[in-house]
Amino acid sequence: MPKVLITETVLRDAQQSLVQGRLKLQHVLPIAKTLDDIGYHALDAWGGWTFAAQVRALKEDPWQRLRAMRAAIVKTPLQMLIRGQTLLGQSHQPDDVVRAFIEQAVEDGIRVIKMFDPLNDLRNLEVPVEVARKAGARVIGALVYSPSPVADESRVVKSASRLKAMGVDWIGIEDVAGILAPVDARGLVTAITSATRLPVTIHSHSTTALAPISYFAAIEAGATGIDTALSALAWGASQPATETMVASLRDGPYDTGLDLNVIGQASRYFDEIHDEYLEFQDPIAFRNDVLVLQHQLPAPVLAVLIRNLRERNAIDRYDRLLQELLLVRQEMGYPPMAAPINRIAANQALANTLSDKRYQHIEQPFRDYVKGLFGEPPGPIDPEVRKRALGSSNAITLRPADLLQPGIDRARREMRKQGLNPSGVDQVLTYILFPEDAPNILRPAGHRAETPAAAAPAPEPPPAPPPAPVAPGPANPTEAAAREFTVEVDGEPYRVRILGDGAAPATAAAPAASGPTAAQRAGGDGAIQAPMQGMVVKVKVKSGDRVRLGDVVVVLEAMKMQNDIVATVGGTVREVFAKEGAIVAPNEVLMTIG
């Protein structure tokens, strides 16, 4: 058996990192057999943020997608990623939901489950590990690599030993920002393998360009597995290229045994379809940035912060923002900078940077973090910050999911009230995780039918998505969906607005050519503005509704996280400009209240 095993990420993390998880099932199935024939240890193919992208943007049933992939990929184990008790979302789920999700995933074709907790609070992995083992999956218990004064090598080894006692099959080192240096990779792998005698696998990103060197150092220290991506979707925010790692190890003691010619065929296929996903490729995701070693934020998260500063004419506060980010993380108890915690820290640092007073504005996710609803951070939270976030109330000390009531039966009742009749627990689980979006794919009948084993083509598709291939398009088909970027040329910033290519060109281009939209022109007292670029997930009010100060009026998805936009004044909603599915720019007015 080869001494180094390769897990291919092109179907999940690679396309999540570079094209926002938009890879369609119709583009997966034609290459499935070639991927299956390469001889990978596993295919990272499901879970993570791609589940949300399938529900919200692609209008695909993720469970049908999984069954279709399993029918077409018969030799290579399919792997999924979950974030412990949160599974795929932003908040913790009840134990019955976690059990049902893992059992259903294994039934539908998952053979390897990698799981980590964003805070490395292993209490949040107890139920997932137990259920996955009983279901017969191979379990990778991963630890987020995020250096700090309270997270040293001995602490990591202690956690790895506890994961072994919990029953995991492999130990994973999860480097979400690409900051694992070769010397640390060598030391961690040596210490973990010595303490646990379990195989160790390394997952990193190429953000700082350290990953290939760190992979090789880890392999020399005894790592058994590494995660790579076909070169068509490699580098930058993605993983190192599969071809590069296979070639660098060939004919030596760590030869992977994989055929570069077959790998090249698969990579050329993804090169050929590359242009279909151009509008989802943020240039920031393709660049290298060693400064990530300081703040540990993945490049796309930092890019959103920079864009917010520019939109507020506050780019001169950039250095202050970076310093504020380091300080906020310290005050939060040095949490690992994995999603969703990294975005909670980033949003608070931005709010502190733009406010007259630090912690003048605190969003609910930050309060939930301080309350302990995500788990226990590695270090103590600053007492003054705790007081500002919680007032006189205390944080919880028990496992967050112990506070939650069972969720599946309650969700079934809610679905029936909406006229949804789930034909399987998979549909109930989709609704629980994404209650606002799931009805769009669950209302049509027939989603639960198994994909025949002989069927390589895609299953019966859901209703056609909106014409523009962005997620999901505006309610008015003549209004082009758009994404906005700030790009630099010779140091000068320029705003670029990219329109979806499915809308009618004459009418779609007009708003961009003629200046700001009506929503962007509106303003004055009572204007509720988008704090950042994002997609409108839900508009909770309509013209004429009465709202109170602090009521949630819009749910905005940004940086892979749903953000509640609240009324900053009380009164009557005058006009609503936000449309569900539309992409809004920073400072764009969503509605007016007066």
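Just above, that's the structure.
Residues numbered from 1 in each chain as written. Predicted model: local features only at pLDDT ≥ 70, side-chain atom pairs only at ≥ 80, totals over all residues. Heavy atoms only, no water.

### Overview of a positive patch on the surface
The condition that has to hold: Each patch is built from residues lacking any salt bridge and having more than 30% relative accessible area; the joining distance is 9 Å for like charges and 5 Å for nonpolar side chains (Val, Leu, Ile, Met, Phe, Trp, Tyr). All accessible-area figures derive from a Shrake-Rupley calculation using a 1.4 Å probe, and residue coverage is judged against the displayed protein chains alone. What makes a salt bridge here is a side-chain nitrogen of Lys or Arg within 4 Å of a carboxyl oxygen of Asp or Glu, nothing more. Note on charges: Lys and Arg go in the positive column, Asp and Glu in the negative column, and His and the chain ends are not counted at all. One atom stands in for each charge, and that atom is NZ of Lys, CZ of Arg, CG of Asp or CD of Glu. Each helix corresponds to a stretch of at least 4 residues labelled H or I by DSSP, and each strand to a stretch of at least 2 residues labelled E; elements are numbered beginning at the N terminus.
Taken together, the side chains of Arg410, Arg413, Arg416 and Lys417 present a region of like positive charge at the surface. Within the secondary structure layout, arginine 416 lies in helix α18 (residues 408–417).

### Some words on the nonpolar core
The tendency in soluble globular proteins is for nonpolar side chains to be buried side by side. Selection rule: Nonpolar cores are built from buried Ala, Val, Leu, Ile, Met, Phe, Trp, Tyr and Cys residues. Side-chain atoms within 4.5 Å join them into one set. Buried residues are those whose accessible area, probed at 1.4 Å on protein chains only, stays under 20% of the maximum for their type, while exposed residues exceed 50% and partly exposed ones sit between those limits. Should any heavy atoms of two residues lie within 4.5 Å, those residues are counted as being in contact.
Leu11, Leu35, Trp46, Phe101, Ile113 and Phe270 are the most contacted members of the largest nonpolar core, which totals 111 residues. Aside from chain neighbours lying at most four places away, what touches leucine 35 is Val10, Leu11, Tyr40, Leu43, Thr76, Leu230 and Ala266. If you look at the next biggest cluster of nonpolar residues, it comprises 30 residues, including Leu321, Met337, Ala345 and Tyr359.

### As for the packing of helix α14 (residues 318–331) against helix α15 (residues 341–354)
The line we're drawing: Note on geometry: axes are C-alpha line fits, over the in-contact stretch for helices, and angles between N-to-C directions span 0 to 180 degrees. For this classification, under 35 degrees means roughly parallel, over 145 means roughly antiparallel, 65 to 115 means roughly perpendicular, and everything else is oblique. Take the far helix as your reference; a near helix turned counterclockwise from it by less than a right angle gives a left-handed crossing, and one turned clockwise gives a right-handed crossing. Three categories are distinguished: nonpolar for Ala, Val, Leu, Ile, Met, Phe, Trp, Tyr, Cys and Pro, charged for Asp, Glu, Lys and Arg, and polar for the others, with Gly belonging to the last.
For the pair α14 and α15, the least separation of the axes is 9 Å and the interaxial angle reads 125 degrees. The orientation of α14 relative to α15 falls into the category oblique. Regarding α14 and α15, the two cross each other, and that crossing is right-handed. Between α14, through Arg320, Leu321, Glu324, Leu325 and Val328, and α15, the contact on the second element is made entirely by Ala345, Ala346, Gln348, Ala349, Leu350, Asn352 and Thr353. Residues belonging to the contact of α14 with α15 are distributed by class as follows: seven nonpolar, three polar and two charged.

### Here we look at the sheet that holds strand β16 (residues 571–576)
Applied cut-off: Two strands pair under a simple rule: DSSP has to find at least two bridges between them.
The strand order across the open sheet formed by four strands is β11-β18-β16-β13, and the pairing between neighbours is antiparallel. The strands lining the two open edges of the sheet, one partner per strand, are β11 (527–529) and β13 (546–547). Pairing analysis gives two bridges linking β13 to β16, with the strands arranged antiparallel. Paired with arginine 546 across the strands is threonine 572, a residue of β16.

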